[in-house]
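One letter stands for each residue in the lines below.
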Amino acid sequence: MESAARELRGVLVQELTQLEKVRTYDELRTQVNDIAVMLAKRMRDAILDDIDFAYRNGYRSAYEEIKGISKAKAPDMMPEDLDVLVLLKNEGALYNAYNQFQSILTDKLNQTIMAGIAEGSSIPTIVQNMRQVGIGETYKLTRIARTEITQIANEGRLRGYQRAEGRMKMQFKYSLSVANDARACDAHKELARRMPSGGMYLGDLIMLQQEIGSKYRMNLRGHSLLHPNQRTSLVRIV
Ligand SMILES: [Zn+2]
């Protein structure tokens, strides 16, 4: 995600350097839509790639962690696991964020131009301000993506463990490692408090986090480990 955002900022700078050659405010305005469409498309592609990678990589790494499992038969995902991946790409906070990105960016770039015209700014000055707006919006989307993608990697891990357990016909114990600091919310504090030191079976752990999630009125998707804006990760204990 970081590299995608970096690349995108490079593209943005390039595009806007082209814009500095524009001679009239009107010409500037006609370019806004194209820039927003292009940036939104690249951002969306980068995010979808990252979701895919995080989920598959989480799945595979969790599966391969289990000792004695046949690595030669590294698993193709089950159809239901692939269904979850499709779902993760098509709903939720990140999906909403990148879908709104184009129109928010268009609005903000247009506002920047209008403000510049009102102040009698030169075209290069307005283009500079547009660059700041573009970079700022890209950062915002990257921040949302980073937390959501951590969550998606956890979801992949959970399913990789489930698959390995099925193959090995045995159950392991797991824990949620919750970043328990001043930023942790009450739900996560309770989750950390109720997590036995010896870990829990996967089914019990899913039930516990869903119980706590509904107590604190969180809308959890799939096997979400509570809301995504916390650094929580799934770990296998024994
Ligand atoms: Zn929390």
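About the cut-offs
- Residues numbered from 1 in each chain as written.
- Predicted model: local features only at pLDDT ≥ 70, side-chain atom pairs only at ≥ 80, totals over all residues.
- Helix = DSSP H or I, 4+ residues; strand = E, 2+ residues; numbered from the N terminus.
- Buried ≥ 20, exposed ≤ 12 C-beta atoms within 10 Å, placed from the backbone.
- Contact = placed C-beta atoms within 7 Å.
- Domains from an automatic or database assignment.
- Nonpolar A, V, L, I, M, F, W, Y, C, P; charged D, E, K, R; others polar.
- Pairing = 2+ DSSP bridges.
- Core = buried A, V, L, I, M, F, W, Y, C linked by C-beta atoms within 7 Å.
- Axes fitted to C-alpha atoms, helices over the stretch in contact; angles between N-to-C directions.
- Parallel < 35°, antiparallel > 145°, perpendicular 65-115°, else oblique.
- Expected span 1.5 Å × (residues − 1).
- Bend = angle between axes of the 7 residues up to and from the residue.

### Description of the overall build of the protein
Here is step 1: When helices and strands are counted, the protein shows seven helices and three strands.
Here is step 2: Sequence-ordered secondary structure for the protein, helices as α and strands as β, is α-α-α-α-α-β-α-β-α-β.
Here is step 3: With the C-alpha coordinates of the protein rotated into their principal frame, the extents come out at 70 × 40 × 25 Å.
Here is step 4: Burial status across the protein gives 31% buried among its 238 residues.
Here is step 5: Look at the contacts in the protein between residues 6 or more apart in sequence, and 79% of them connect residues 24 or more apart.

### Here's the deal with the environment of Ala 54
Here is step 1: By the element assignment, Ala 54 lies in helix H2 (residues 25-65).
Here is step 2: Here Ala 54 falls in the buried class, since 23 other C-beta atoms lie within 10 Å of it.
Here is step 3: Linking Ala 54 and Leu 191, residues 137 residues apart in sequence, is a C-alpha distance of 24 Å.
Here is step 4: Not counting chain neighbours up to four residues away, the residues in contact with Ala 54 comprise Ile 149, Ile 152, Ala 153 and Gly 156.

### Here's the deal with the domain arrangement of the protein
Reports of interface size often rely on the accessible area that becomes lost once the parts have come together.
Here is step 1: Domain boundaries assigned for the protein yield domain 1 (2-170) and domain 2 (171-238).
Here is step 2: Here the C-alpha centre of domain 2 lies 26 Å away from the C-alpha centre of domain 1.
Here is step 3: On the side of domain 2, 14 residues touch domain 1, which itself brings 16 residues to the contact.
Here is step 4: Among the elements of the structure, helix H3 (79-90) and helix H5 (123-168) are those that each provide at least two residues to the side of domain 1 that touches domain 2.
Here is step 5: It is H5 that contributes the most residues to the side of domain 1 that touches domain 2, eleven residues altogether.
Here is step 6: Looking at the side of domain 1 that touches domain 2 residue by residue, the class counts come to five nonpolar, six polar and five charged.

### Details of the sheet that holds strand S2 (residues 200-201)
Here is step 1: Strand order in the open sheet formed by three strands is S2-S1-S3, and the pairing between neighbours is antiparallel. At either margin of the open sheet sits one strand with a lone partner, and together these are S2 and strand S3 (232-236).
Here is step 2: Where strand S1 (residues 173-178) and S3 come together, five bridges link them in antiparallel fashion. Note that in S3 the partner of Ser 175 across the bridge is Val 235.

### So, the nonpolar core
Here is step 1: Leu 39, Met 43, Ile 51, Tyr 55 and Ile 152 are the most contacted members of the largest nonpolar core, which totals 46 residues.
Here is step 2: Where this core is concerned, the elements lending two or more residues are helix H1 (2-19), H2, H3, helix H4 (93-118), H5, S1 and helix H7 (202-215).
Here is step 3: The element contributing the most residues to this core is H2, with 14 residues.
Here is step 4: Aside from chain neighbours lying at most four places away, what touches Leu 39 is Leu 8, Leu 12, Leu 105 and Gly 134.

### Re the packing of H3 against H5
Here is step 1: One way to put it is that H3 packs onto H5 with a least axis distance of 11 Å and a crossing angle of 170°. On the basis of their axis angle, the class for H3 and H5 is roughly antiparallel. On H5, the residues touching Asp 81, Val 84 and Leu 88 of H3 are Ile 152, Glu 155 and Arg 159.
Here is step 2: Of the residues in the contact of H3 with H5, the class split is three nonpolar, no polar and three charged.

### Focus: H2
Here is step 1: Between the first and last C-alpha of H2 there are 59 Å, a value that for 41 residues agrees with the 60 Å anticipated at 1.5 Å per step.
Here is step 2: Considering bend angle alone, the principal kink of H2 is centred on Gln 31 and spans about 25°.

### Considerations on the pairing of S1
Here is step 1: Because side chains alternate across S1, one face comprises the buried residues Tyr 174, Leu 176 and Val 178, and the other comprises Lys 173, Ser 175 and Ser 177, none of which is buried.
Here is step 2: The sheet contact formed by S1 and S2 spans two bridges and is antiparallel. By the bridge assignment, Lys 173 is partnered in S2 with Tyr 201.

### A look at H7
Because each turn of an α-helix spans 3.6 residues, side chains separated by three or four positions end up pointing in the same direction.
Here is step 1: The terminal C-alpha atoms of H7, which comprises 14 residues, lie 20 Å apart, in line with the 20 Å expected from a rise of 1.5 Å per residue.
Here is step 2: The elements touched by buried residues of H7 are S1, helix H6 (186-194) and S2.
Here is step 3: In the segment just after H7, Arg 217 is the residue with positive phi, at about 55°.

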